[in-house]
Amino acid sequence: KLIKEETERRVLFNKYQELKGNIRVMCRVRPPLGALEEDRAGMSFPDEKTSAEIVLAGPEERSSLGVVSRKNYPFEFDRVFMPASQNEEVFGEISQLVQSALDGYNVCIFCYGQTGSGKTHTMSSDDGMIPRATHMIYDTITKLKEKSWEYTMEGCFVEVYNEELNDLLVPNERNAKKLEIRHDEARKQTTIINCKTVKLSSPDVVETMLSEAQKNRSVAATKANERSSRSHSIFILKLVGKNLATGEQCEGTLNLVDLAGSERLKHSQAEGDRMKETQNINKSLSCLGDVIEALGRGSGHIPYRNSKLTHLLQYSLGGNSKTLMFVMVSPLEVHLKETLTSLRFATKVHNTHIGTAKSTKKIKGGD
Ligand code: ADP
Ligand code: MG
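These lines cover the structure that appears in this document, whether it is placed above or below. Here the structure is a predicted model, which means the values were calculated and not measured. (Residues numbered from 1 in each chain as written. Chains lettered and ligands numbered in written order. Predicted model: local features only at pLDDT ≥ 70, side-chain atom pairs only at ≥ 80, totals over all residues. Heavy atoms only, no water.)

1. So, the site of ligand 1
Thinking step 1. Around ligand 1, the neighbouring residues are R28, R30, P31, L33, Q114, T115, G116, S117, G118, K119, T120 and H121.
Thinking step 2. In the model, an oxygen atom of ligand 1 is placed 2.7 Å from a nitrogen or oxygen of the H121 main chain.
Thinking step 3. Computed on the free molecule, ligand 1 has an accessible area of 560 Å², of which 69% lies beneath the protein chains in the complex.
Thinking step 4. Among the elements that make up the shell around ligand 1, the one with the highest residue count is helix α3 (residues 119-123) (3 residues).
Thinking step 5. When its residues are assigned to classes, the shell around ligand 1 shows 2 nonpolar, 7 polar and 3 charged. (Near = heavy atom within 4 Å. Polar contact = N/O pair within 3.5 Å; in protein donor to acceptor, adjacent residues only side chain to side chain. Areas by Shrake-Rupley, 256 points an atom, 1.4 Å probe, with all protein chains shown as cover. Helix = DSSP H or I, 4+ residues; strand = E, 2+ residues; numbered from the N terminus. Nonpolar A, V, L, I, M, F, W, Y, C, P; charged D, E, K, R; others polar.)

2. A few points about the environment of L165
Thinking step 1. Summarising the element assignment, L165 is placed in strand β8 (residues 164-167).
Thinking step 2. Judged by relative accessible area, L165 falls into the buried class, the value being 8%.
Thinking step 3. Separated by 66 residues in the primary sequence, L165 and S231 place their C-alpha atoms 9.9 Å from one another. (Buried < 20%, exposed > 50% of the residue type's maximum accessible area, 1.4 Å probe, protein only.)

3. A word on unusual backbone geometry
Thinking step 1. Of note, S148 is a non-glycine position whose phi angle comes to about 70°, a positive value.
Thinking step 2. Tracing the backbone through its elements, the reader meets S148 in the loop between α4 (129-144) and β7 (149-161).
Thinking step 3. On the basis of relative accessible area, S148 is assigned to the partly exposed category, the value being 27%.
Thinking step 4. We note that N162 has phi near 50°; this positive angle belongs to a residue other than glycine.

4. Remarks on the packing of aromatic side chains
Thinking step 1. Evaluated as defined, the whole model comprises 4 aromatic pairs.
Thinking step 2. Summarising the aromatic geometry, the rings of F75 and F77 are spaced 6.4 Å apart at their centres and angled 5° between planes, so their arrangement reads as stacked.
Thinking step 3. With centroids separated by 5.4 Å and ring planes inclined at 80°, the aromatic side chains of F157 and F235 adopt a geometry described as edge-to-face. Residue F157 is located in strand β7, and its partner F235 is located in strand β12 (residues 232-243); the two are separated by 78 residues in the primary sequence. F235 matches F157 in its accessibility class, with the two residues each being buried.
Thinking step 4. Above the plane of the ring of Y105 lies K322, whose end atom (NZ or CZ) is 4.0 Å from the centre. (Phe/Tyr/Trp six-rings, centres within 6.5 Å; stacked < 30°, edge-to-face > 60°. Lys NZ or Arg CZ within 6 Å of the ring centre and 35° of its normal.)

5. Quick notes on the packing of helix α2 (residues 87-99) against α4
Thinking step 1. Contact geometry for α2 and α4: axes closest at 10 Å, N-to-C directions at 50°. Between α2 and α4, the angle is such that the two are oblique. Classified by chirality, the crossing of α4 by α2 is right-handed. Each of N87, E88, V90, F91, I94, S95, V98 and Q99 in α2 lies in contact with α4, whose residues at this interface are M129, R132, A133, M136, I137 and T140. (Axes fitted to C-alpha atoms, helices over the stretch in contact; angles between N-to-C directions. Parallel < 35°, antiparallel > 145°, perpendicular 65-115°, else oblique. Left-handed = near helix turned anticlockwise from the far one by under 90°. Contact = heavy atoms within 4.5 Å.)

6. Quick notes on the pairing of strand β10 (residues 189-193)
Thinking step 1. Pairing between strand β9 (residues 180-184) and β10: 5 bridges, direction antiparallel. Bridge assignment links D184 to a residue of β10, and that residue is Q189.
Thinking step 2. Hairpin connection of β9 to β10: 4 residues between the antiparallel strands, including K188 at a positive phi of 55°. (Pairing = 2+ DSSP bridges.)

7. What about the pattern of salt bridges?
Thinking step 1. Using the criterion set out here, one finds 13 salt bridges in the structure.
Thinking step 2. In this structure, the salt-bridge partner of D127 is R132, at a minimum N-O distance of 3.4 Å.
Thinking step 3. Two residues, E277 and R230, come together in a salt bridge whose shortest N-O distance is 2.3 Å. A residue pair is termed long-range when its members are at least 10 positions apart, and E277 in helix α7 (residues 272-297) and R230 in the loop between α6 (224-229) and β12 qualify at 47 residues.
Thinking step 4. Of the residues examined, E277 reaches a relative accessible area of 9% and is grouped as buried.
Thinking step 5. Overall, R230 belongs to the buried group, its relative accessible area being 9%.
Thinking step 6. Three or more residues are tied together by salt bridges with common partners; here these are R79, E89 and E93. (Salt bridge = Lys/Arg side-chain N within 4 Å of Asp/Glu carboxyl O.)

In short, shape yes, function no, at least from these values alone.
See below:
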């Protein structure tokens, strides 16, 4: 009975998602970190019940009469998480979406925001979305066995740095083989050639993967934190299921993406390698925006090929896919300008309507 309820809930969720379109945006405000961060921006959350709005007080402006005032900037998303919210609550809001990868959807969840806004805390920390999603999917797979569904779950973890794809599960010095992206048009699936893939036969393996990735990153750069804020990391979970009784098959992918810091460094301040890095980050983030915008317009040509990130995620953006973007913001006054820029970018994404996603679930013998 429990399984039936669970299945019905997922069917309902997929219907609801079809109605609302397949792109969601949620905002998360991190808390101030200790006493050093007293300098709070004017932020308010007018509708605590539905928690979908955030209002920012803009910079102080002085009128000709000398009156100081601040303009309000309201924003609305599918959900706004206030500073006190925990990863558990955040995961609760996305768990249905995560589970739809088991129904044969390609799902993409991004964390977007300036460096220090809480992307890694939300996505790849020990209690972040990556381990939570893996554990939940594992539990569901175990339950679905009773309904004759057999699933395999495989993970890989890569980064895009300077428009190059690197394997985060292989120590850098041995990472000699170049990773290559292969698309399978018919299956709407992507494979990364030469990439280390780990079978997640137990959900605990994911913790090992996360620490391995962390270690390999630190080896790759002396300033590991700096490097990680200047690259996109993508955790890819592949789910292949087969119903032993009916012969139904399905294949879904869950991509959990921790994007490079969105702060726009001025080109004039950067030189040499830094300059190239900066251009690549700016380019790939704006390309992500362009792809989403083109999908929303229903354009015939989607510029996936303009960056490594969108090329890799081609089948998880638009078409047969569901997308969620977390826009992460800092609560501090000093970050007000970046926060406004991030929320404006997120608003554009939020205003985009991307049509119906189709599950790749197949009846044996069907097309
Ligand atoms: P980013 O990946 O966006 O650069 P981090 O996730 O590394 O940012 O967050 C910066 C700092 O803030 C870290 O020390 C992190 O632990 C802390 N932090 C971020 N979000 C939260 C939160 N929701 N609750 C508590 N601490 C947080
Ligand atoms: Mg980070």
